[in-house]
Amino acid sequence: MTANYEGLATELLRVQEVLLRQPDHQLLARLGQGEAFVLNYLLTHQRRAHPGELSRGLSVSTARIAALLGRMEHKQLISRGPDPLNNRQVIVTLSPQGLEVIQRLRAQVLHTVVQMLAELGPEDAREFVRLQKKLLTHLAAPGPTV
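1. Notes on the packing of helix H3 (residues 34-44) against helix H4 (residues 51-58)
- Between H3 and H4, the least distance of the axes is 11 Å, while the angle of their chain directions is 125 degrees. Compared by their axis directions, H3 and H4 come out oblique. As H3 packs across H4, the resulting crossing turns out to be right-handed. In this structure, H3 contributes Gly34, Phe37, Val38 and Tyr41 to the contact, and H4 contributes Glu53, Leu54, Gly57 and Leu58.
- Looking at the contact of H3 with H4 residue by residue, the class counts come to five nonpolar, two polar and one charged.

Listed below in structure tokens is the structure:
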């Protein structure tokens, strides 16, 4: 039996469109966007990073990152200062208030994901995670060079 990948892809896109509008999915997506992305990145990278790293991670311009960091610094979520290893560079550091915000958001996200996986049941939840990992491995593999 041959799979109809185009039909499956169309169906998957329809499902994804609906999922993207769900509040729980929007909460998950926050970790990959804007302030939450920066806070999460800092938390998982020794609580400090260079603005260029953040720019590449978010796939936005350095000017956009500078504006975002300015707003976050004003809210006291991060601080910026000279990199002790290279005074010509700026280092962004997670503040105690930023740490509290990202820990609270991550706890919400974890709770939401636990509920979503519980809805699937143990076998489907394990299979879902296995398939996500397989897809990630495939997508992360270097493509052919031309």
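2. Concerning the packing of aromatic side chains
- For the structure shown, the criterion picks out one aromatic pair.
- Centre to centre, the rings of Phe37 and Tyr41 are 5.8 Å apart; their planes meet at 35 degrees, and the pair counts as tilted. Here Phe37 pairs with Tyr41, and both are found in helix H3, just four residues apart, close to one helical turn.
- Under the relative-accessibility criterion, Tyr41 is labelled buried at 16%.

3. Looking at the sheet that holds strand S1 (residues 48-49)
- Strand order in this open sheet of three strands is S1-S3-S2, and the pairing throughout is antiparallel. The strands lining the two open edges of the sheet, one partner per strand, are S1 and strand S2 (78-83).
- Pairing of S1 with strand S3 (residues 86-94), which is carried by two bridges, proceeds in the antiparallel orientation. Along S3, the bridge assignment pairs Ala49 with Val92.
- Each of S2 and S3 touches helix H5 (residues 62-74); the most contacted strand, S2, lies at about 120 degrees to it.

Calculation criteria
- Residues numbered from 1 in each chain as written.
- Predicted model: local features only at pLDDT ≥ 70, side-chain atom pairs only at ≥ 80, totals over all residues.
- Heavy atoms only, no water.
- Axes fitted to C-alpha atoms, helices over the stretch in contact; angles between N-to-C directions.
- Helix = DSSP H or I, 4+ residues; strand = E, 2+ residues; numbered from the N terminus.
- Parallel < 35°, antiparallel > 145°, perpendicular 65-115°, else oblique.
- Left-handed = near helix turned anticlockwise from the far one by under 90°.
- Contact = heavy atoms within 4.5 Å.
- Nonpolar A, V, L, I, M, F, W, Y, C, P; charged D, E, K, R; others polar.
- Phe/Tyr/Trp six-rings, centres within 6.5 Å; stacked < 30°, edge-to-face > 60°.
- Buried < 20%, exposed > 50% of the residue type's maximum accessible area, 1.4 Å probe, protein only.
- Pairing = 2+ DSSP bridges.

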